[in-house]
Amino acid sequence: MGKLLEWARSASPWILHLNCGSCNGCDIETLDSLMPRYDLERFGVLKKDTPRHADVLVCTGPVTRQMEPRLERIYEQMPEPKLVVAAGSCAASGGVFQDCYSCHDGVDEVIPVDMYVPGCPISPEALIDGLVRLLEESGEGGKASRLRERSEGIFEDSDAPAGVIDDEHVADT
Amino acid sequence: MAEETTIPIGPQHPSLKEPANFELTVEGEQITGAELSISYNHRGIEQAVRSKSYLENIYLLERICGICSHSHTTAFVRGVEQLLGLSVPDRARYVRTLVAELERLHSHLLWLGVAGHEIGFDTLWQYAWRDREAVMDSLEELTGNRVHYSINTIGGVREDIDTETIDAIRDRMAELSDRIDFYLETVPAERTVQLRCEDVGVVSKQRAQELCAVGPTARASGVQGDVRKDEPYAAYDEVDFEVITAEDGDLLARLQVRIEELAESVAIIEQVLADLPEGELKASQKPPQALLAGIESGDVLSRYEAPRGELTHFIRSDGSDTPERVHVRVPTLANWPTVVEALKGSYIADTPIVVAGIDPCISCTSRIGVAVAEDEATLADATDSGVVGVDESGTDDDPGGYTLDDLREYGIEWYEGGDTR
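The model shown is predicted, which means the values in this text are computed figures rather than measured ones. (Residues numbered from 1 in each chain as written. Chains lettered and ligands numbered in written order. Predicted model: local features only at pLDDT ≥ 70, side-chain atom pairs only at ≥ 80, totals over all residues.)

### Regarding the UniProt feature "domain: NADH-quinone oxidoreductase subunit D" (unreviewed entry) in chain B
Working step 1: Per the UniProt entry, the sites bearing "domain: NADH-quinone oxidoreductase subunit D" (unreviewed entry) are residues 119–367 of chain B in this numbering.
Working step 2: Across residues 119–367 of chain B one finds 49% helix and 12% strand; the C-alpha atoms that close the span lie 29 Å apart. (UniProt positions renumbered as here; feature names shortened; annotations may be inferred. Helix = DSSP H or I, 4+ residues; strand = E, 2+ residues; numbered from the N terminus.)

### Here's the deal with unusual backbone geometry
Residue and element names in this part refer to chain A.
Working step 1: The step from Glu80 to Pro81 runs through a cis peptide bond, and the omega angle for that step is -5 degrees.
Working step 2: In this structure, the amide linkage connecting Cys120 to the following residue, Pro121, adopts the cis form with an omega of -5 degrees.
Working step 3: Despite not being glycine, Asp39 has its phi angle at roughly 50 degrees, a positive value.
Working step 4: Residue placement: Asp39 occurs in the loop between helix 2 (25–32) and strand 2 (46–48).
Working step 5: Residue class for Asp39 comes out partly exposed when judged on the 15 C-beta atoms lying within 10 Å of it. (Buried ≥ 20, exposed ≤ 12 C-beta atoms within 10 Å, placed from the backbone.)

### So, the interface of chain A and chain B
Working step 1: Listed per partner, the contact involves 33 residues of chain A and 34 residues of chain B.
Working step 2: Among the secondary structure elements, those contributing two or more residues to the side of chain A that touches chain B are strand 1 (14–19), helix 2 and helix 3 (68–77) of chain A.
Working step 3: Of the residues that constitute the side of chain A that touches chain B, the class distribution is 16 nonpolar, 10 polar and 7 charged. (Contact = placed C-beta atoms within 7 Å. Nonpolar A, V, L, I, M, F, W, Y, C, P; charged D, E, K, R; others polar.)

### Describing the sheet that holds strand 8 (residues 325–329) of chain B
All names here are of chain B.
Working step 1: Strand order in the open sheet made by the 3 strands is 6-7-8, with antiparallel pairing throughout. Either end of the sheet is taken by a strand with one partner, and the two such strands are strand 6 (297–306) and strand 8. The average angle at which neighbouring strand axes cross in this sheet is 10 degrees, direction not considered.
Working step 2: In this fold helix 3 (residues 69–84) packs onto strand 6 and strand 7 (309–318), with an angle of close to 145 degrees to the strand it touches most, strand 6.
Working step 3: Along the sheet, helix 13 (residues 331–343) makes contact with strand 6, strand 7 and strand 8, crossing strand 7 at roughly 130 degrees. (Pairing = 2+ DSSP bridges. Axes fitted to C-alpha atoms, helices over the stretch in contact; angles between N-to-C directions.)

### Considering the UniProt feature "binding site: Fe cation" (unreviewed entry) in chain B
Residue and element names in this part refer to chain B.
Working step 1: What UniProt calls "binding site: Fe cation" (unreviewed entry) maps, in this numbering, to Cys68 and Cys364. For this annotated set, covering 297 residues, all C-alpha atoms fall within 9.0 Å of each other, a compact arrangement in space.
Working step 2: Among residues more than four places away in sequence, those in contact with Cys68 are Glu103, Ser107, Ala306, Pro307 and Arg308.
Working step 3: When you line up the elements, Cys364 lands in helix 15 (residues 362–365).
Working step 4: Apart from the residues within four sequence positions on either side, Cys364 is in contact with Ile64, Cys65, Val330 and Thr332.

### So, the sheet that holds strand 3 (residues 30–37) of chain B
Residue and element names in this part refer to chain B.
Working step 1: Overall, antiparallel pairing links the 3 strands, which are arranged 1-2-3 in an open sheet. Edge positions in the open sheet fall to strand 1 (4–9) and strand 3, since each of these has one partner strand only. Averaged over neighbouring strand pairs, the angle between their axes works out to 20 degrees when direction is ignored.
Working step 2: Sheet topology note: the strand 2 (residues 21–27)/strand 3 ladder contains 7 bridges and is antiparallel.

Okay, here's the thing in structure tokens:
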């Protein structure tokens, strides 16, 4: 079952884009990567509007306090196995908004992140590169075994509760 | 008679890419009332500004918005230049105008695409965003970045423009000009667009004035107003352009106004490139830190015509190396009341395009966070601290809402001035 999921996901990863307090720069560039010039859709990447259909969550922005519970909820609603991309400097580290009273310093303070794409804002090329690497690494030969273990957790090993994040593997990715 | 229902939409929802929450009261298919909560993107920039130097603030304020970033930096540096008494060299003024108009082009094309998407006309979306890449390329060549150009610095601009770039931008503008003519001819005449936009989201001229709408939203309702003409900055007093207005105030009129503004922007860019004066890029050869060391205390209000309308930056300096206060009033904030106005009476299905009609920018708007206390206890807490109806996004120094004393004063003023209303 894990192999099937992996095949489906790397052939056509569906992304959900969530603005967690970003300035719009990264959001527009994320959308731009799906537009005619860069055309991520030709690789089967589709932008979905609901978390329940998405494989990859692309988060932008430093995560404002008001968006924090929403981000957690959307992450919970996504089906396993799920991957998270922190797109942009803000999402990775807080960027210029570090130490603002209403912000976290990046997405990884709220939910676990699998891939950081730097840039202020990210260029569409950087996002495409990030997505490709993420899918490679989460694949069979990759070093991020967390994902596979999670999907096994759901379908084979009932002892391991799904969705529990193993710190050791988070550090790996 | 249908029952009244409340429908919450957002903050994560398919139509807009930014978090915003709308609570629509509907009777059957018709919207009878709308409440907005739009401060999900509140990051506390105005507070952060006070702990950073003027130079650092250029880059912080630029990141208020990733679409109109040049607007924010220009408004800010103009204010600081006024405080310092600097006069910006001609070439720098022209480069600022050039970047500003390129930004307007990219913003309006982006909106045209989004508007197409909201009415289910995705072909227009893809067309507009493909053409937008020509503008993005020009900006990247000119400034080094596709978004957040950081071209402005105190007293001038950071980068010069060479003849190769000028030629490249000219070629692209010629192509874009043809595309704009194509949009102008086809989009308002397209049946899909007419069906979804004609007589939808109407704001009359009188209501637009009463609600203090700005920018293309106001101009589509027939309100003349453009800071570029009213109080020219950069090189706008030396270029020739028209302020585009329309009479109908519906979404079709806004579409028309924005597409025609695209053509005006291309014309301005061509004039700027033709008349680009030679000379210095900065007002002074001294490093900006040295200039800023001599800043006087004082207040300044800087106005700017951003792609979405009038943007104002209020800057108060206390003579130290950090500003005492910077307050930003963005065009989208001024335009939200027209959305509520336009939503009432329209159909649920029209919500996305009516909201998108003002070209909303939530990250710009999220300057304040006002929430109504849910119960007595919360209200009592708020009253104790002297602040009513303000959520955590306010601060001690700047509560962002009314204090009790303010409310009392406001009440007295209201009742005493009753005969004039």
